[in-house]
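Remarks on the overall topology
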Amino acid sequence: MLEIDSLRKRYGDVVALDGLSFSVEPGRMYGFVGRNGAGKTTTMRIVLGVLAPDSGEVRWRGSRVDRDTVRRFGYMPEERGLYPKMRVLDQVGYLAELHGASRRDARAAAARWLEELGVSARAGDRVEELSLGNQQRVQLAAALVHDPEVLVLDEPFSGLDPVGVDVLAEALKGQAAAGKPVVFSSHQLDLVERMCDAVGIVRDGRMVAAGTIEDLRGDGRPRRYRVEATGGWAADLAGVTVIERRGDVVVAELAHGVDEQLLLDAARAAGPVREFTPVKPSLTDLFREVVAE
Ligand SMILES: Nc1ncnc2c1ncn2[C@@H]1O[C@H](COP(=O)(O)OP(=O)(O)OP(=O)(O)O)[C@@H](O)[C@H]1O
């Protein structure tokens, strides 16, 4: 398990992290989300040992993460760290060699990842000649080439076209399926919702909601239904609030303890019911709720 435990960090007067904790189990994909300036990059830098926390610690498999441990992590920093003048295959191969692979194995692993990430046609080009999206794919190849135990990625999907997103997403799912914890930050909440087993929402350096999307949706939350039926039937039902009405479609929220069958009965009494669907809040809805000022 990768454990981020009670991290605190100040930059002068700015409190960037205020006791932030979360953990990621092996084989799990963890989405780390929050508004600009919430503390995501600071957290990731601390996990990777680039920045020291004022207090708190990071543990991997129960031991405090140190320089040696971090060498076994794969990462994509926010400031993409490739050498612009170096050729793509040379660069990724070189990084694998730095991690102890023989030159031959390093180049083979590099070529394999470039192929997997759809950039093998650019293997002989200089990094600076690639589009930003393709540079990002190379950056992920660089993060994966030494077969890391853990992946920590700062906004790996930003700036990618939908095909690039799919390619990276498949690669990351493969890593999680191989039993590694994968943590990534993103502002693309639909993507996080689709990909992640668990999500942490950070606000002002603190985790304000964490768990599976289902956990975040929560049992105590009022239930909502979308109902398509004729007439103004939902207006005066006890325990029912109409949230939205568009033509014959009503989104109704039920007070705690109100049976949804009552809602259905009332709709059917008014006329034929063409739709009756529970409405689940999206991660974007949940995010807006917990980070709202
Ligand atoms: N080197 C620094 N010096 C001073 N303040 C900093 C520094 N780095 C970050 N901060 C501040 O710390 C807070 C957290 O920043 P951080 O970069 O971790 O946020 P973030 O969640 O990654 O944001 P974004 O989504 O915009 O990338 C912000 O208030 C930021 O201005």
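Preceding this paragraph is the structure being described.
Predicted model only: the values in this text are computed from it and were never measured.

Moving on, we get to the packing of helix α5 (residues 132-144) against helix α6 (residues 162-177). Relative to each other, α5 and α6 sit at 10°, their axes nearing to 11 Å. On the basis of their axis angle, the class for α5 and α6 is roughly parallel. Counted together, Arg137, Leu140 and Leu144 of α5 and Val163, Gly164, Val167, Leu168, Ala171, Leu172 and Gln175 of α6 form the full contact between these two elements. Grouping the constituent residues of the contact of α5 with α6 by class yields seven nonpolar, two polar and one charged.

A few words now on the sheet that holds strand β14 (residues 273-279). What the four strands build is an open sheet, ordered β12-β13-β11-β14; its pairing is antiparallel. Each edge of the open sheet carries a strand with a single partner, namely β12 (240-246) and β14. Strand-to-strand twist of the sheet, defined as the mean angle between neighbouring strand axes without regard to direction, takes the value 20°. Where β12 meets strand β13 (residues 249-254), six bridges bridge the pair, whose relative direction is antiparallel. Following the sheet pairing, Val240 is matched in β13 by Leu254.

To continue, consider the packing of aromatic side chains. What describes a pair of aromatic rings is the distance from one ring centre to the other and the angle between the planes of the rings. For the coordinates displayed, the defined rule picks out five aromatic pairs. Between Phe22 and Tyr30, the aromatic rings sit 4.8 Å apart at their centres with planes inclined by 20°, giving stacked as the arrangement. Across this residue pair, the class does not change: Phe22 and Tyr30 are buried. A ring pair is formed by Phe157 and Phe184, whose centres lie 5.3 Å apart and whose planes are at 70°; its orientation type is edge-to-face. One end of the pair, Phe157, is in the loop between β7 (150-153) and α6; the other, Phe184, is in strand β8 (residues 182-185), and 27 residues separate them in sequence. In this pair, the class of Phe157 matches that of Phe184, namely buried. The structure contains a cluster of three or more aromatic residues connected by ring pairs, namely Phe22, Tyr30 and Phe32. Sitting above the plane of the Tyr11 ring, Lys9 keeps its charged end 5.9 Å from the centroid.

Quick notes on the rules
- Residues numbered from 1 in each chain as written.
- Predicted model: local features only at pLDDT ≥ 70, side-chain atom pairs only at ≥ 80, totals over all residues.
- Heavy atoms only, no water.
- Axes fitted to C-alpha atoms, helices over the stretch in contact; angles between N-to-C directions.
- Helix = DSSP H or I, 4+ residues; strand = E, 2+ residues; numbered from the N terminus.
- Parallel < 35°, antiparallel > 145°, perpendicular 65-115°, else oblique.
- Contact = heavy atoms within 4.5 Å.
- Nonpolar A, V, L, I, M, F, W, Y, C, P; charged D, E, K, R; others polar.
- Pairing = 2+ DSSP bridges.
- Phe/Tyr/Trp six-rings, centres within 6.5 Å; stacked < 30°, edge-to-face > 60°.
- Buried < 20%, exposed > 50% of the residue type's maximum accessible area, 1.4 Å probe, protein only.
- Lys NZ or Arg CZ within 6 Å of the ring centre and 35° of its normal.

The quantities given are spatial measurements derived from coordinates; they are silent on function.
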